[in-house]
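# Coordinates in review
The residues making up each chain are set out below.
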Amino acid sequence: MSGKKRILSGMRPTGALHLGNFHGALANWVKMQDEYDCFFFVADWHALTSDYEDPSAIKASSKEMVIDWLSVGLDPDDSTLFVQSSIKEHAELFLILTMLTPVPWLERNPTYKDQIIQLENKDLSTFGFLGYPVLQAADIIMYKANGVPVGVDQVPHVEITREIARRFNYLYTNVFPEPEAILTQTPKLLGLDNRKMSKSYGNTISLSESPEGIRKKVSTMVTDPQRQRKNDPGDPDVCNVFSFHKIYNAKDRVDTINEECRKAGIGCVDCKKEMAEKLIQALAPVQEKRKFFEENPDKVDEIVEAGNAKARKTAVATMEQVRDAIKMS
Ligand code: TRP
Ligand code: SF4
């Protein structure tokens, strides 16, 4: 046992990840590996809550996502990487938790209401979709995680998790710590069109984007909307391209671009070209690792199997305590 605090987080498999996923979550996961005992998993059952009509892509998306995780530096020697549906204990704990979760807690969930509206083309009036946070609670407390690194949109789910854990402990016996959300600071990277970078908007740059693809996509990026002609001074503070420079370019170049843009000393076309090259350079090592795993898919399976085995050990132990607590062992 290490004295490290345990954190756990999951991601629904959406296929190849993009820069928004990376800077929004993954980059933080990679950093946290030193400080925490980390569990990261593919929430493939959660994908089923919205994709139950056609689940055929979930399996392949899961593998793609794990390849991205490994490529950006999640290290199976440091972190336990696993797949939710491989640990059947999650289903048992979910079932037990549903018994003690009041429906109004779920109906009040702001993410629930929001998603129903956002995904209006899907019929989400299902039991499983309403119960989404209960499954998430099972994921989290199964491993007795102390912290859950998530974006703001997921905070209500961690809050419901705490309430469920508290209710379980109160009704039976103290088994679960109440996990805390760890809100991650993320740089503000938008999509090509200045909306949130999202697969459903088709405005992403994926981690596996080719150099040519990157050049093409970056050339279409929205800049300072006020800057119509090259002679107009620009405002980097409202320019998404500049946000990218701040991440991928050298500090002194960022300062120079900041000054030059304001006095129309640099044009957006050149500015984008420079940024595209920096981005290509930054992604090169990630793509090299990806290539290795694409050529060695068995390695990926091995890593996931080893992670599943580690996760399962903890899950089996927790479920013994749970069955004891409810006097059903
Ligand atoms: N609901 C999370 C999302 O959509 C994914 C998820 C499932 C998760 N189970 C979790 C995140 C447990 C953190 C902990 O992003
Ligand atoms: Fe943005 Fe660069 Fe154009 Fe300035 S010069 S508006 S920073 S793209």
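These notes cover the structure that comes with them. Not measured: the values here are computed from a predicted model.

About the cut-offs
- Here, residues in each chain are numbered from 1, in the same order as that chain's written sequence.
- Note on labels: chains are lettered from A, ligands numbered from 1, in written order.
- Two thresholds apply to this predicted model, a pLDDT of at least 70 for residue-level local features and 80 or more for giving and counting side-chain atom pairs, whereas whole-chain, interface and lining totals are computed over all residues.
- Derived side-chain values reflect all non-hydrogen atoms in the structure, with water molecules and hydrogen atoms excluded from consideration.
- The rule for a residue being near a molecule or strand is that one of its heavy atoms must lie within 4 Å of it.
- N or O atoms within 3.5 Å of each other form a polar contact, as long as, within protein, one can give a hydrogen and the other can take it, and as long as residues adjacent in sequence are counted only when both atoms are side-chain atoms.
- Elements are defined by DSSP. Helices are runs of H or I of four residues or more, strands are runs of E of two residues or more, and each kind is numbered from the N terminus.
- When residue character is reported, Ala, Val, Leu, Ile, Met, Phe, Trp, Tyr, Cys and Pro are called nonpolar, Asp, Glu, Lys and Arg charged, and the others, Gly included, polar.
- In this scheme Phe, Tyr and Trp rings, the latter by its six-membered ring, pair at centre separations within 6.5 Å, and the angle between planes marks the pair as stacked below 30 degrees, edge-to-face above 60, and tilted otherwise.
- We call a residue buried when its accessible area falls under 20% of the maximum for its residue type, exposed when it is over 50%, and partly exposed in between, using a 1.4 Å probe and counting protein chains only.
- Two thresholds decide whether a charge sits over a ring: the Lys NZ or Arg CZ must be within 6 Å of the ring centre and within 35 degrees of the ring normal.
- Working definition of a nonpolar core: buried Ala, Val, Leu, Ile, Met, Phe, Trp, Tyr and Cys residues. They are joined through side-chain atoms within 4.5 Å.
- In this document the domain limits rely on a domain assignment from an automatic tool or a database.
- Two residues form a contact once any of their heavy atoms are found within 4.5 Å.

A few words now on the site of ligand 1. The environment of ligand 1 is formed by 14 residues, the closest being R12, Y132, Q136, D139 and Q154. The side chain of R12 places a nitrogen or oxygen atom 3.0 Å from an oxygen atom of ligand 1. Side-chain polar atom of Q136 to a nitrogen atom of ligand 1: 3.0 Å apart, as the coordinates give it. Among the elements of the structure, β1 (6–11), α8 (132–142) and β4 (147–150) are those that each provide at least two residues to the shell around ligand 1. A per-element tally of the shell around ligand 1 places α8 first, with four residues.

Here the focus is the site of ligand 2. Around ligand 2, the structure places T223, D224, R227, C239, V241, F242, C261, I266, C268 and C271. Looking at the shell around ligand 2, the elements with two or more residues in it are α11 (240–248) and α13 (268–295). Looking at the shell around ligand 2, its residues break down into seven nonpolar, one polar and two charged.

So, on to the packing of aromatic side chains. Overall, the coordinates contain 12 aromatic pairs when judged by the stated rule. Considering the side-chain rings of F168 and Y172, the 4.8 Å spacing of their centres and the 65° angle between planes classify their relative orientation as edge-to-face. With centroids separated by 6.3 Å and ring planes inclined at 35°, the aromatic side chains of F244 and Y248 adopt a geometry described as tilted. A residue pair is termed a helical-turn pair when its members lie 3 or 4 positions apart in one helix, as F244 and Y248 do in helix α11 at four residues. What makes F244 buried here is its relative accessible area of 1%. Residue classification places Y248 among the buried residues on the basis of a relative accessible area of 15%. Through a chain of ring-to-ring contacts, three or more aromatic side chains come together here, namely F39, F41, F82 and Y143. Here R195 stacks its cationic end above the ring of Y201, 3.9 Å away from the centre of that ring.

This next bit is on the nonpolar core. If you look at the biggest cluster of nonpolar residues, it comprises 51 residues, and the most contacted ones within it are L19, L26, W69, F244 and L279. Ranked by residues supplied to this core, first place goes to α13 with eight residues. When we break this core down by domain, the ones giving at least three residues each are domain 1 (6–189 + 297–325) and domain 2 (209–290). Excluding residues that lie within four positions of it along the chain, W69 makes contacts with M11, L17, L26, W29, F40, F41, V42, L74 and L81. The next biggest cluster of nonpolar side chains, apart from the first, holds 39 residues, and it includes V134, V148, I160 and A165.

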